[in-house]
Amino acid sequence: MSLLFTSYLAVMGVVMLVTGVVASRIGPKPTLPLGLLVNIAGAGLAGISDRVPGIVGWRALWGSGNTLFVATALAR
C-alpha cells in the first residue's frame, strides 16, 4: 500500500523540479490541458490495471500529470 503512495509522491517531487521550466517554455495554456490529459490517462489506466506493478507504474504517470497541472495552476 505504501508503494502506491510513494510512487505517486516521489514522481510528483521529481517532476515538480522541471515543471516550472516546461511551463515557462511552452506557456501555461498548453501545459494545463497536457497535465490534465496525463492525469486522466494515468488514473484511468491505474483503475483498470489488475496487477500491483502496473498500478504502481500508472500511479507514477498519474503523479506526473498532476504535477504538470497543479504546479502550473499555482504558478499563475
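To be clear, the structure that these remarks concern was listed above.
Everything numeric in this text was worked out from a predicted model, so none of it was measured.

Quick question: what am I supposed to make of the packing of helix α1 (residues 2-26) against helix α2 (residues 28-48) here?
The relative placement of two packed helices is expressed as an angle between their axes plus a distance between the axes. Running from amino to carboxyl end, α1 crosses α2 at an angle of 125°, the nearest separation of the two axes being 7 Å. By the criterion of interaxial angle, the relationship of α1 to α2 is oblique. Residues V22, A23 and I26 of α1 touch α2, and the partners they reach there are P28, P30 and T31. Considered class by class, the residues forming the contact of α1 with α2 number 5 nonpolar, 1 polar and no charged.

Explanation requested: helix α3 (residues 52-75) in the structure shown.
Because each turn of an α-helix spans 3.6 residues, side chains separated by three or four positions end up pointing in the same direction. Relative to the 34 Å expected for 24 residues at 1.5 Å per residue, α3 spans 34 Å between its end C-alpha atoms, a close match to the ideal helical length. Turning to α3, its buried residues number three or more, namely V56, R59, A60, G63, S64, G65, N66, T67, L68, A71 and T72.

About the thresholds
- Residues numbered from 1 in each chain as written.
- Predicted model: local features only at pLDDT ≥ 70, side-chain atom pairs only at ≥ 80, totals over all residues.
- Heavy atoms only, no water.
- Axes fitted to C-alpha atoms, helices over the stretch in contact; angles between N-to-C directions.
- Helix = DSSP H or I, 4+ residues; strand = E, 2+ residues; numbered from the N terminus.
- Parallel < 35°, antiparallel > 145°, perpendicular 65-115°, else oblique.
- Contact = heavy atoms within 4.5 Å.
- Nonpolar A, V, L, I, M, F, W, Y, C, P; charged D, E, K, R; others polar.
- Expected span 1.5 Å × (residues − 1).
- Buried < 20%, exposed > 50% of the residue type's maximum accessible area, 1.4 Å probe, protein only.

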